[in-house]
Each structure stands twice: as C-alpha cells, then as structure tokens.
Amino acid sequence: MSKDTDKKIVVRMAPSPTGNLHIGTARTTLYNFLFAKKYGGKFILRIEDTDKERSTKEFEENILTGLLWLGLQHDEFYRQSERGDIYVDYVKRMIENGSAYISKETPTEPGQRESVVRFKNPNKKITFNDLIRGEVTFDTTELLDFVIARSPEEPLYHLAVVVDDHEMKVTHVIRGDDHISNTPRQILIQEAIGAKRPEYAHLPLIVDSSRAKLSKRKHGAVVWLDTYKEEGYQPEALLNYFSLLGWNPGDDREIFTLDEITQIFDILRVQKGSAVFDVLKLKWINKEHLKRLPLDVVNSEIKNWINKSLRIKNEGVDVDEGRIEKIIPIIFERISVWGEVTQLIDNGEFDYVLRTPKYTARDLTWKGEKDFANTLRHIERVIILLTDIPENDWTADKIKEVVWPYAESEGKGSVLWPIRYALSGMQKSPDPFTLATILGKEETLKRLSAANDILKNEK
Ligand code: GLU
C-alpha cells in the first residue's frame, strides 16, 4: 500500500454492541481481517460501548462468539467503556487549546443537558482519499460546532473513535459506506488533536434484490449471523460468500478457503456499488464447500441433523443404524445446508426408512389394473425371486437383474409400482431396487409379505 509499506499495517473492527452480529458486520470484519493478514498487519477488535443505554453484554457476547465461530480471530481487544480516562484527557486538552469548549445549552425537552462539549469548527473544506471511492470532499461548515461529549467524562462516538484510532496507531479504517459522512467530522478532530490521518476504505452497503439496505427492521432474522449458524451453514462457506459481497478476484473463480481468499484479496478491487445479498448463491456456495468435506464428517453431520428432527424425537422412532448409513448418500444429494436434513426428515420424506408403511390394496395396485389379482401374483413372484438372492449379494444391481426380466414380460408399471409402494408406502420415493437395498433383505421380504396379506384379504 504505497507510502505505508515501511510501517506496520493496523486495522480495527469497531462494532457497537447494540444488536446481534449482523452479516454486514461480519463482512466488514472479514475485509479488515483479510487486509491485516495479507500485509502481515494487526487486527484489532474494539467494542464501541459508549452508548450505555443501548449497549449490552449479551450483544457483545453474541458478536464475539459469532466472529470467533467464523474464524476471524483478533490480535488485540479493547472496550471503550474501559478507556474513559483516556478520553477525559483528550477532551480537557482540547478545551485548553481552544479546539473545543463547554457550551451552555437551553434544554427544550426534559432530561436535556444544561451544557455539553462542542467542537470549535474551523469551517473548511476537507478532502480525503478513499481507497474505494477515490477523492471525497466535504464542506464542514454545515456541521456547525458539533457535540463531541456530553461532559468531559462522557465522550460521544466521533471523539472516542478518533482518539482510539490515534492511540492504537490504526493505519487503515475499513468500514461501511454509512460512515462516509462521519469522516469529515473525524478528520477535523484528528487535526485538532494532532493525530495522523489514516487511510480510508468505505465498503459498499449490502442490499436486498430490490436494492433496499439489509436491516433488522425490514428483513428480520435474515440479517443475523446466528440465523445461518442455526440453519447449519459452514463457517468457511459464509466467509467465502461474504468475501464476494463487494469484491471479486477478477476471474471466474468463486469457491475459496479463507487462506486462498487471503492470498488473492485486494482492497483496491472492492466495488463502489452496493452488493446484493442472494441467499440462493450462498446456498450454492455452501453446497460446494460441503462437497469438499471428508466423508466421515459428512456422515456424522448428517446423523447429528437427523437426530434433531422432531419427527424422530417426538415419535421415539428407533432408527436402525445400517439403514441410516444407506440413506446418507441420498440425503446428501438433496441438501445444500445441514438444516435441510432435519427438514427432509420432518417433512416425512424418509418415513419409509423410519416406520412401517401403511396403505390399502388399491394404493398398491398399478393404475392400469382393474382388480388386485395381478398385483397379488406379482408380489408373490417377486418374493420368490428375492428370497433366492443370497444375503451377501443383496445389492441394487443384483435385485434389478433378478426382477427386471419378469417386470419386462409382465409390464413394468404392474410389477414395479406395487413393490415400490409395499416398500415405501409413498407415491414418490427412490426406485424399488434402491429401497430394497436400503431396507435390507429381511425387512424387504417382511414388507412384501405384509403387502401380500393385504391383497389376499381383499380377494
Ligand atoms: N461503532 C461504529 C458502528 O458500530 C463503527 C465505527 C467505525 O468503524 O468507525 O457502526
């Protein structure tokens, strides 16, 4: 980074703990983290809790836990509420040197103060270079003598930010676009306290498909990182997706690990225009990361998420381990996020594995048949064919090889529909050969003879 190459890069993320970790905050933290890692710099996490009414320990905890879960480990940590003495010192010095003054106020509403500390605005044009937006100029006259502290002991945001960035030797301020209009005030304060101006990079806002800013009020839980954590997204997939909210590598690569992004990330390639949040894209990226997981991790995650299903919990279904193992690949095909495993089970999609199917003779019978006689004949025949397959040869291919010629000669629908229905009890399910392999020989024959009984009773 041009003139800064000879000194250590220091960046900071400065969330206010006035709400749960927002995905925009996670994205901005990631960009700070990447920038620090790329240049061997330091990444500071600073909790900006000067607003005592709105800040809570729970929100702070939520932000910290979320960032660490994502893997965005900070190098240093501060809390503004623990740095009161430092700000008092600066306010006093500013009052002494005339860059701030105690201003007598006339309260217009109950609870308003009789006096505050105002900044003595030199009323000038401020021009700064933004690494993303280029040159930005503001006339500060319209800002008047803005308030920097309620009293010397109670600094407000602008003062605390400038003092901290100065004391912590922050070289680059990377933050959301919504702070761009704060920058001239902060530069004025920097100049008044003799602080060096950091480089600025204001990141594009994250918006929805209709270009509305993502906000808790409008979008609800969609904005919280926890929502994605609870739905079973992988942290590395979220980081991958967040990296693309405002940046791209300049070619068509889209799937990266955090290390890979760190190598190729370039703050100068961050776009000016807002970044559209697209949950379908996020899901796709998540699936790409799932595909890269070792098989044993996939297996144990799927089992974990199956066990979260209320259908299983409430009905106390005792699921056969061997059968579960066999549906894992089928489930894995169908999901992009772990939480969808639980949904599939809760929706009853795998009931054929979890419980004995229920149906009538009519359900079992192919739509072209006028009575149940053929169906009964086919089931009886298939039972004989399958009984002959040795246990250790019980594979979908072998079962198909044995049943197929019979089905072809008798009519595929007439033969395969009743087998499939007898095994699954469902209109839609995998093919009967796959079902038979999942269920195993014993359970398959048990279900076929149950179908046989039902058909016989109808005769
Ligand atoms: N505390 C501010 C916020 O939560 C950020 C301050 C900054 O990055 O300068 O929006």
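Here's what I pulled together on the structure shown here. (Residues numbered from 1 in each chain as written. Predicted model: local features only at pLDDT ≥ 70, side-chain atom pairs only at ≥ 80, totals over all residues. Heavy atoms only, no water.)

### Digging into the pattern of salt bridges
Step number 1: The tally for this structure, following the rule as stated, stands at 34 salt bridges.
Step number 2: Among the ionic pairs, E288 bridges to K291, the shortest N-O distance being 2.9 Å. On the criterion of helical spacing, the pair formed by E288 and K291 is a turn pair, its members being three residues apart in helix 10 (residues 279–291).
Step number 3: Here E288 falls in the buried class, since its relative accessible area comes to 14%. (Salt bridge = Lys/Arg side-chain N within 4 Å of Asp/Glu carboxyl O. Helix = DSSP H or I, 4+ residues; strand = E, 2+ residues; numbered from the N terminus. Buried < 20%, exposed > 50% of the residue type's maximum accessible area, 1.4 Å probe, protein only.)

### A few points about the pairing of strand 7 (residues 134–139)
Step number 1: By the bridge criterion, six bridges tie strand 6 (residues 125–130) to strand 7 in an arrangement that is antiparallel. Of the residues in strand 7, the one forming a bridge with T127 is T137.
Step number 2: Joining the antiparallel neighbours strand 6 and strand 7 is a turn of three residues. (Pairing = 2+ DSSP bridges.)

### Observations regarding the site of the ligand
Step number 1: Around the ligand sit R12, A14, P15, S16, E48, Y157, R175 and H179, and that is every residue in its neighbourhood.
Step number 2: Between the ligand and the protein, one listed contact pairs an oxygen atom with a side-chain N or O atom of Y157 at 3.1 Å.
Step number 3: Contact between the ligand and R175: an oxygen atom at 2.7 Å from a side-chain N or O atom of the residue.
Step number 4: Contact with the protein chains removes 80% of the 300 Å² of surface that the ligand exposes when unbound.
Step number 5: Residues of the shell around the ligand, tallied by class, amount to three nonpolar, two polar and three charged. (Near = heavy atom within 4 Å. Polar contact = N/O pair within 3.5 Å; in protein donor to acceptor, adjacent residues only side chain to side chain. Areas by Shrake-Rupley, 256 points an atom, 1.4 Å probe, with all protein chains shown as cover. Nonpolar A, V, L, I, M, F, W, Y, C, P; charged D, E, K, R; others polar.)

### Some details on the packing of aromatic side chains
Step number 1: According to the stated counting rule, one finds 16 aromatic pairs in the structure shown.
Step number 2: Centre to centre, the rings of F128 and Y200 are 5.5 Å apart; their planes meet at 65°, and the pair counts as edge-to-face. Here F128 is found in strand 6, whereas its partner Y200 is found in strand 11 (residues 199–203), with 72 residues between them in sequence. Across the pair, exposure class does not vary: F128 and Y200 are buried alike.
Step number 3: The rings of Y31, W247, F256 and F265 are connected pair by pair, giving a single aromatic cluster.
Step number 4: The ring of Y90 carries the charged tip of R93 above its face, separated from the ring centre by 4.7 Å.
Step number 5: Lying across the ring of W305, K308 places its NZ or CZ 3.6 Å from the centre. (Phe/Tyr/Trp six-rings, centres within 6.5 Å; stacked < 30°, edge-to-face > 60°. Lys NZ or Arg CZ within 6 Å of the ring centre and 35° of its normal.)

### Section: the environment of G246
Step number 1: Here G246 lies in the loop between helix 8 (235–243) and helix 9 (258–264).
Step number 2: The sequence separation of G246 and I379 amounts to 133 residues, and the corresponding C-alpha distance is 60 Å.
Step number 3: With near-sequence residues (within four places) excluded, G246 lies in contact with Y31, P204, R269, V270, Q271 and A275. (Contact = heavy atoms within 4.5 Å.)

### Structural notes on the environment of T434
Step number 1: Residue placement: T434 occurs in helix 20 (residues 432–458).
Step number 2: For T434, a relative accessible area of 23% corresponds to the partly exposed category.
Step number 3: Considering only alpha carbons, one finds T434 and R79, 355 residues apart in sequence, at a separation of 58 Å.
Step number 4: When near neighbours in sequence (up to four residues on either side) are disregarded, T434 contacts I330 and A396.
Step number 5: A polar atom in the side chain of T434 sits 2.8 Å from the side chain of D431.

### Examining helix 18 (residues 396–410)
Step number 1: Given a rise of 1.5 Å per residue, 15 residues ought to cover 21 Å, and the 20 Å separating the end C-alpha atoms of helix 18 matches this to within 8%.
Step number 2: A maximum bend of about 35° is found in helix 18 at V403, where proline P405 lies one to four positions downstream.
Step number 3: Among all positions in helix 18, only I399, V403, Y406 and A407 are buried.
Step number 4: The inward-facing, buried residues of helix 18 abut helix 17 (373–387), helix 19 (412–424) and helix 20.
Step number 5: Backbone geometry just downstream of helix 18 places G411 in the positive-phi region, at approximately 110°. (Expected span 1.5 Å × (residues − 1). Bend = angle between axes of the 7 residues up to and from the residue.)

### Regarding the side chain of K441
Step number 1: The topology assignment puts K441 in helix 20.
Step number 2: Buried K441, no salt bridge; nearest opposite-charge side chain is E391, N-O distance 5.4 Å.
Step number 3: In this structure the side chain of K441 is engaged in a polar contact, spanning 2.9 Å, whose partner is the backbone oxygen of T387.
Step number 4: Once residues within four sequence positions are removed from consideration, K441 is found in contact with L386, T387, I389, P390, E391 and W394. (Lys, Arg positive; Asp, Glu negative; His and termini not counted.)

### Examining the pairing of strand 1 (residues 10–13)
Step number 1: Neither face of strand 1 is exposed, since V10 and R12 on one face and V11 and M13 on the opposite face are all buried.
Step number 2: One ladder, built from four bridges, connects strand 1 with strand 2 (residues 42–47); its direction is parallel. Within strand 2, the position partnered with R12 by the bridge is I44.

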